[in-house]
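Observations on the model geometry
Residues per chain, in single letters:
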Amino acid sequence: MPSVKLKHHSPPDTISSSSSDSVRLLSRETLRISASLASPPVDDLPPHSPPSPDSQFLHSTLRLICCEEIDGRRFKYVAESDGSGRFKKNSVRAISLESPQTPFDEVGSFLRSYVVPEGFPGSVNESYVPYMTWRALKHFFGGAMGVFTTQTLLNSVGASRNSSASAAVAINWILKDGAGRVGKMLFARQGKKFDYDLKQLRFAGDLLMELGAGVELATAAAPHLFLPLACAANVVKNVAAVTSTSTRTPIYKAFAKGENIGDVTAKGECVGNIADLMGTGFSILISKRNPSLVTTFGLLSCGYLMSSYQEVRSVVLHTLNRARFTVAVESFLKTGRVPSLQEGNIQEKIFTFPWVDDRPVMLGARFKDAFQDPSTYMAVKPFFDKERYMVTYSPTKGKVYALLKHQANSDDILKAAFHAHVLLHFMNQSKDGTPRSVEQLDPAFAPTEYELESRIAESCEMVSTSYAIFKSRAAEQGWRMSESLLNPGRARLCHMKEEE
């Protein structure tokens, strides 16, 4: 397909200033933008004095290029231009339009990220607050009661009630359990990852469970470090327990065909308990022969992890998360068909950690991550004037970025994700037309600005003709698509038409 060369947008004429004044100019423009927030809205201005979008930058080398909002906080991005009217490279700067958060607000936001679901209160119904209030009180009394029950159990196995050693052992045991609860609470911040990356998190939790078991065995080699080792092991095992509990319901839900999820869950837990009791009996039998502790633990751990991997791999989910969406789009681009539910789940990668952002496609990215050169933004922007998103490629990071506009809806987010993978497909094509690895783009093959425009033009043409076909064929295979399962970032480009 012939390359498409677009006419670059040129910024308005500017009055050049010396490099020694750049710091002073940046401070001046920051004050001007902040002061503009206190000015009357556009609708309240007199008819004879319409505001100019670039009036506040008229006598400066800084030019407003974009506006962004994330979690209610707004940012304006400005770039510096030279005397010829061209943008300087790597001159993009972000200016916050909000006053800094107070320490009290920061602490409040930190606590909310741990104790309430994302999107609260709109993401839950009205009965959530009273339920969690009474649940917190129940656990408060339960935790207090656990201190006395632990001490009683220790006394029952021979420790004297008045012995100081008994109290020390009880305190150590309670600290160990308390550390585990803290670890459980900290990992709960993963939030929605339990919904859309449940296979990866479930297997990662089982890896942590075996790690915790290994740390517990280490206490035999270093009994004087019992408390720190036991606390560390309990933290790790409680994190694994949170993962197992949080992913259990979605997995069982995938098996239930009607309103029988409770029955499916109960029977599944029963099977697990029976197998656990049988494993306990087997361990008692082989322990009488005094086998090597390290060898036995290694063999049992290998069996545990192999079973865990096959367990999560056998689950067939109907939803398209990031991993399965990638499998579906890559198959569609290469063969023209969308894989079946069984094929898509089999090809999904399990050995990945959802909290590591090393993916080649970033959905809902921030402007400062996607664009370092303002000229690239001005060149890419015209392709997406009629869309509620835009995609680009960063040569320095070797990633494709999909930026979402403020008015983007569910279908726009899905289309942006599809477009990003299409652009990734084109960027993975070497100059001789043979495909390179789709795992990660190599920055050494960084395209020129003109080549990037040409490939974006090709991707736009393909998306316009193939996105609807992809959705139709995915639905025929039984896939259910939702933008929330793709975990888009919260940054949104706002007022794109006004900033143009």
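Scroll up a little and you will see the structure.
This is a predicted model, so every value here is computed, not measured.

Before going further, it helps to spend a moment on the overall build of the protein. Counting secondary structure elements, the protein contains 16 helices and seven strands. In the protein, which comprises 500 residues, the share counted as buried stands at 36%. Accessible surface computed for the protein: about 28,500 Å², of which carbon and sulfur atoms make up 60%.

Right, let's get into the sheet that holds strand S4 (residues 361-363). Taken together, three strands build an open sheet; the order of strands is S4-S6-S5 and the sheet is mixed. With one partner strand each, in any of the chains shown, S4 and strand S5 (389-394) form the two edges of the open sheet. The mean inter-strand angle of the sheet, taken between neighbouring strand axes irrespective of direction, is 15°. The pairing of S4 with strand S6 (residues 399-404) spans three bridges and is parallel. Opposite Val361, over in S6, you have Val400 as the bridge partner. The strands touched by helix H14 (residues 410-427) are S4, S5 and S6; relative to S5, the strand with the most contacts, the crossing angle is about 30°.

Of the volumes computed, that of the second largest pocket is approximately 1,400 Å³. What lines the second largest pocket is a set of 41 residues, among which Glu210, Gly272, Ala275, Asp276 and Tyr304 lie closest to the centre. At the level of secondary structure, the elements contributing two or more residues to the lining of the second largest pocket comprise helix H6 (198-218), helix H7 (226-255), helix H8 (261-287) and helix H9 (293-313). Counting residues per element, the lining of the second largest pocket draws most heavily on H8, at 13 residues.

A word on the sheet that holds strand S1 (residues 62-70). Taking strand neighbours across the sheet as the criterion, the four strands line up as S3-S2-S1-S7 in an open arrangement whose pairing is antiparallel. This sheet does not close on itself; its edge strands, each paired only once, are strand S3 (93-96) and strand S7 (492-493). Looking at chain direction, strand S2 (residues 73-80) and S3 are connected through four bridges and run antiparallel. Note on S3: the bridge partner recorded for Lys76 is Ile95.

In this section: the pairing of S5. Within S5, six of the six residues are buried, leaving the element largely enclosed by the surrounding structure. A two-sided burial pattern is seen for S5, the buried positions comprising Tyr389, Val391 and Tyr393 on one face and Met390, Thr392 and Ser394 on the other. In textbook terms, the turn of a hairpin is the stretch between consecutive antiparallel strands, and for S5 and S6 this stretch comprises four residues, one of which, Gly398, has a positive phi near 65°.

When two helices pack together, you describe them by how their axes are tilted relative to each other and by the distance separating the axes. It is at 8 Å that the axes of H6 and H7 come closest, and there the two elements cross at 155°. Overall, the two elements H6 and H7 adopt an arrangement that is roughly antiparallel. Two packed elements cross with a definite hand, and for H6 against H7 that hand is left-handed. Taken together, the residues of the contact of H6 with H7 sort by class into 16 nonpolar, five polar and four charged.

Another aspect to go through is the packing of helix H10 (residues 322-335) against H14. Viewed as axis vectors pointing N to C, H10 and H14 meet at an angle of 55°, and their least axial separation amounts to 10 Å. Viewed along their axes, H10 and H14 adopt a mutual orientation that is oblique. H14 is crossed by H10, and the crossing has right-handed handedness. Here H10 contributes Phe325, Thr326, Val329, Phe332 and Leu333 to the contact with H14, which in turn contributes Leu414, Ala417, Phe418, His421, Val422 and His425. Residues of the contact of H10 with H14, tallied by class, amount to eight nonpolar, three polar and no charged.

Moving on to the pattern of salt bridges. Under the definition given, this model contains 15 salt bridges. Across the salt bridge formed by Glu269 and Arg248, the nearest N and O atoms sit 3.3 Å from each other. Of this pair, Glu269 sits in helix H8 while Arg248 is found in helix H7, placing the two residues 21 residues apart along the sequence. You can call Arg248 partly exposed: its relative accessible area is 24%. Close ionic contact of Glu387 with Lys415 constitutes a salt bridge, the shortest N to O distance being 3.2 Å. Of this pair, Glu387 sits in the loop between helix H13 (374-380) and S5 while Lys415 sits in helix H14, and the two are 28 residues apart along the sequence. If you follow the salt bridges from partner to partner, you end up with Lys199, Arg324 and Glu348 in one network.

Of note in this structure, Asn290 is not a glycine but carries a positive phi near 50°. Within the secondary structure, Asn290 is located in the loop between H8 and H9.

In this section: the nonpolar core. Among the nonpolar cores identified, the biggest contains 61 residues, and Ile65, Phe367, Phe384 and Phe418 are the most heavily contacted of them. Looking at this core element by element, the count peaks at eleven residues for H14. Not counting residues within four places of it along the chain, the set of residues in contact with Phe367 comprises Ile65, Cys66, Glu68, Tyr77, Val92, Tyr377, Leu403 and Leu493.

Time to look at the state of the cysteines. Following the criterion strictly, the structure yields zero disulfides and no others. Cysteine Cys66 shares no disulfide, and the gap to the nearest cysteine sulfur, in Cys67, comes to 6.8 Å.

Let us now look at the side chain of Arg492. As for its placement among the helices and strands, Arg492 is situated in strand S7. A residue is classified by how much of its surface remains accessible, and Arg492, at 17% relative accessible area, is buried. Side-chain polar atoms of Arg492 contact the backbone oxygen of Gly489, separated by 2.7 Å.

Conventions adopted
- Residues numbered from 1 in each chain as written.
- Predicted model: local features only at pLDDT ≥ 70, side-chain atom pairs only at ≥ 80, totals over all residues.
- Heavy atoms only, no water.
- Helix = DSSP H or I, 4+ residues; strand = E, 2+ residues; numbered from the N terminus.
- Buried < 20%, exposed > 50% of the residue type's maximum accessible area, 1.4 Å probe, protein only.
- Areas by Shrake-Rupley, 256 points an atom, 1.4 Å probe, with all protein chains shown as cover.
- Pairing = 2+ DSSP bridges.
- Axes fitted to C-alpha atoms, helices over the stretch in contact; angles between N-to-C directions.
- Contact = heavy atoms within 4.5 Å.
- 1 Å grid on protein atoms, 1.4 Å probe; cavity = no way out; pocket = protein on both sides within 12 Å on 5 of 7 lines; lining within 4 Å.
- Points joined across faces, edges and corners; volume = space filled by probe spheres on them.
- Parallel < 35°, antiparallel > 145°, perpendicular 65-115°, else oblique.
- Left-handed = near helix turned anticlockwise from the far one by under 90°.
- Nonpolar A, V, L, I, M, F, W, Y, C, P; charged D, E, K, R; others polar.
- Salt bridge = Lys/Arg side-chain N within 4 Å of Asp/Glu carboxyl O.
- Core = buried A, V, L, I, M, F, W, Y, C linked by side-chain atoms within 4.5 Å.
- Disulfide = S-S within 2.5 Å.
- Polar contact = N/O pair within 3.5 Å; in protein donor to acceptor, adjacent residues only side chain to side chain.

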